[in-house]
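A closer look at the structure
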Amino acid sequence: MMSDRWMRWPLREALTREGQSPARMWFVRVLRVVIAGSLLWNTFHHDRGWRLAAGVGLVVLSGGLAWAFLRASFDHRLWPSVTLLALLTGCGYAARAGDWRVLALVLWCGAAVLSLERLPLLAAAVCVPVAMTGFAAYNNDNWLVTGLIVVGLALAGYTLRLDADTRGNAQRLLAQERAARAAEAETAALAERARIAREIHDVLAHSLSAQLVHLEAARLLIEGDATRDQILERVVAARSMAREGLAETRQALSALRGEMTPVEDFLRELVVSDKAAVSVTGARRALPAEASQAVRRVAQEALTNVRKHAPGAKVFVRLAYEEGEVTLDIRDSGGSPGELAASGAGYGLLGMRERAELLGGSLTAGPGEEGFIVTLKVPT
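Residues numbered from 1 in each chain as written. Predicted model: local features only at pLDDT ≥ 70, side-chain atom pairs only at ≥ 80, totals over all residues. Heavy atoms only, no water.

Further remarks concern the overall build of the protein. Along the protein, the regular secondary structure elements total 11 helices and five strands. Looking at the 380 residues of the protein, the share that counts as buried comes to 38%. Across the protein, every contact between residues at least 6 apart in sequence was considered, and the portion connecting residues at least 24 apart equals 70%. Accessible surface, the protein: about 21400 Å² in total, of which carbon and sulfur atoms supply 62%. (Helix = DSSP H or I, 4+ residues; strand = E, 2+ residues; numbered from the N terminus. Buried < 20%, exposed > 50% of the residue type's maximum accessible area, 1.4 Å probe, protein only. Contact = heavy atoms within 4.5 Å. Areas by Shrake-Rupley, 256 points an atom, 1.4 Å probe, with all protein chains shown as cover.)

For the rest of this paragraph, the subject is the pairing of strand E4 (residues 362-367). Bridge analysis of E4 against strand E5 (residues 372-379) gives six bridges, and the strand direction is antiparallel. Within E5, the position partnered with threonine 364 by the bridge is threonine 375. Hairpin connection between E4 and E5: a loop of four residues separates the two successive antiparallel strands. (Pairing = 2+ DSSP bridges.)

A word on the packing of aromatic side chains. One pass over the structure, following the stated rule, counts one aromatic pair. Between tyrosine 93 and tryptophan 108, the aromatic rings sit 5.1 Å apart at their centres with planes inclined by 65 degrees, giving edge-to-face as the arrangement. Of the two residues, tyrosine 93 sits in helix H4 (residues 78-97) while tryptophan 108 sits in helix H5 (residues 101-118), which places them 15 residues apart along the sequence. Directly above the aromatic system of phenylalanine 266 lies the positively charged group of arginine 296, at a separation of 5.1 Å from the ring centroid. (Phe/Tyr/Trp six-rings, centres within 6.5 Å; stacked < 30°, edge-to-face > 60°. Lys NZ or Arg CZ within 6 Å of the ring centre and 35° of its normal.)

What follows deals with a nonpolar patch on the surface. A contiguous nonpolar patch, built from Trp6, Met7 and Leu122 and spanning about 300 Å² of accessible area, is present on the exposed surface. Inspection of the secondary structure assignment puts leucine 122 in helix H6 (residues 121-138). On the basis of relative accessibility, which here comes to 46%, the residue leucine 122 falls in the partly exposed class. (Patch = residues over 30% accessible without salt bridge, like charges linked within 9 Å, V, L, I, M, F, W, Y side chains within 5 Å. Salt bridge = Lys/Arg side-chain N within 4 Å of Asp/Glu carboxyl O.)

Running from N to C, H4 and H5 point in directions that differ by 160 degrees, and their axes come no closer than 7 Å. Relative to H5, the element H4 is oriented roughly antiparallel. Relative to H5, H4 is oriented so that their crossing is left-handed. Side by side, H4 and H5 meet where Leu85, Leu88, Thr89, Cys91, Gly92, Tyr93, Ala95 and Arg96 of the first sit next to Leu103, Ala104, Leu107, Trp108, Ala111 and Ser115 of the second. (Axes fitted to C-alpha atoms, helices over the stretch in contact; angles between N-to-C directions. Parallel < 35°, antiparallel > 145°, perpendicular 65-115°, else oblique. Left-handed = near helix turned anticlockwise from the far one by under 90°.)

Before going further, it helps to spend a moment on the sheet that holds strand E2 (residues 315-322). A sheet is described by the order of its strands in space; here five strands give the open sequence E1-E2-E3-E5-E4, paired in mixed fashion. Two strands lie at the open edges of the sheet, namely strand E1 (277-281) and E4, each paired on one side alone. Across the sheet, the mean angle from the axis of one strand to that of its neighbour is 10 degrees, orientation sign disregarded. Here E1 pairs with E2 via five bridges, running parallel. When the bridges of E2 are listed, serine 279 appears paired with arginine 318. Sheet contacts for helix H9 (residues 263-270): E1, E2 and strand E3 (325-332); angle to E2, the most-contacted strand, approximately 175 degrees. On the sheet, helix H10 (residues 289-309) packs against E2, E3, E4 and E5 and is oriented at approximately 175 degrees with respect to E5.

Let's shift gears to the packing of H5 against H6. The relative placement of two packed helices comes down to the angle between their axes together with the axis-to-axis distance. Running from N to C, H5 and H6 cross one another at 160 degrees; their axes reach a closest spacing of 8 Å. In terms of their interaxial angle, H5 and H6 are classed as roughly antiparallel. As H5 runs across H6, the sense of the crossing is left-handed. Every residue of H6 that contacts H5 at Arg101, Leu105, Trp108, Cys109, Ala111, Ala112, Ser115 and Leu116 is listed here: Ala124, Cys127, Val128, Ala131, Met132, Gly134, Phe135 and Tyr138. Residue classes in the contact of H5 with H6 are distributed as 13 nonpolar, two polar and one charged. (Nonpolar A, V, L, I, M, F, W, Y, C, P; charged D, E, K, R; others polar.)

For the rest of this paragraph, the subject is the pairing of E2. For the segment spanning E1, H10 and E2, crossover handedness is left-handed. As paired strands, E2 and E3 are joined by eight bridges and run antiparallel to one another. Of the residues in E3, the one forming a bridge with valine 315 is aspartate 332. Counting the residues that bridge the hairpin from E2 to E3 gives two residues, and of these glycine 324 lies at a positive phi of roughly 80 degrees. (Right-handed = clockwise from strand over helix to strand, strands pointing away.)

The complete set of buried residues in H9 reads Val263, Glu264, Phe266, Leu267 and Leu270. Projection of H9 onto a plane perpendicular to its axis shows the buried side chains occupying an angular sector of 160 degrees, all on one side. (Arc of directions from axis to C-beta.)

Residues Leu85, Leu103 and Leu119 are the most contacted members of the largest nonpolar core, which totals 33 residues. Counting only elements with at least two residues in this core, the list comes to helix H3 (49-74), H4, H5 and H6. At 11 residues, the largest contribution of residues to this core is made by H5. Ignoring sequence-local partners within four residues, the contact set of leucine 85 consists of Phe69, Ala111, Ser115, Leu119 and Cys127. Grouped together as the second largest cluster of nonpolar side chains are 30 residues, Leu319, Leu349, Met352 and Val378 included. (Core = buried A, V, L, I, M, F, W, Y, C linked by side-chain atoms within 4.5 Å.)

What follows is the structure, encoded as structure tokens:
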């Protein structure tokens, strides 16, 4: 673990401008301009002729090496970074030989701070003493002041490194949070698509099952040489079921958008043709969209089964609002199986049970004392 710390590069996110405040970026720009301007002014002010050209050339060369070092260290290229930093330190010694004191001090201090900020600590531990040796040898202050300056520069460089790491970690966490939000949004979109697909599937399954009942009846009537009016009645009923299926599909989509009629009104309209009574108990309240749709679909499927398996039976529908859940109970008085009992795939109640379980509820279906009972419970 300790070796990883000494060999670890600063995070790339820490070396970019992303996440930096405008004030900080302007401060860095102004600082660079001030340093470069001071070095050039010092050269122009004291030198003439070839020394002026040499001094300006050394300043430009040092700036180019510093820029190249920033790029190489950002790409985590160790040997190019160390080589460029060594050349930058060498420019400091060249400035010392040419008696450009300010330039030499700036290059040595800058090399030390940059190595601590942007290199692995092990590489910085080698580069910093090389740069600080020239600074200590050339500085005119006493050894205590020089030592304090060296320690201060080392602390400044390490502080910049810690600050950069903090900003880099913050940027990574922000990127991870954005990725998590994007994944959450995608998951929600997929769940919504699955919900819509399940709803449309249930609507069409019920509609097509009801149409099949009437078309199968029409086929049996044709085979039994029934009258034209009897056959036409079944065909018209099948067409009506197709229209109702389209209307229910639109209603399902509206329900998913939160636009739906109360469940009690829907149940009363649903049982009109069966002449069944609907009783509602408990404090009425608005149901969540999926719970409301589950009640509607189970009611439709149960009544379709009554028409198929016990035609003419009395139907009793009870909707109970209870604490934390709603219960739908549909039962019939029983009777002889109709001629259409064998029609359909028989998977309607199974699909309704799966829907109820997805909502954390339950659905039971089975024979009662007189007929058949379907009971749905879904949490609200």
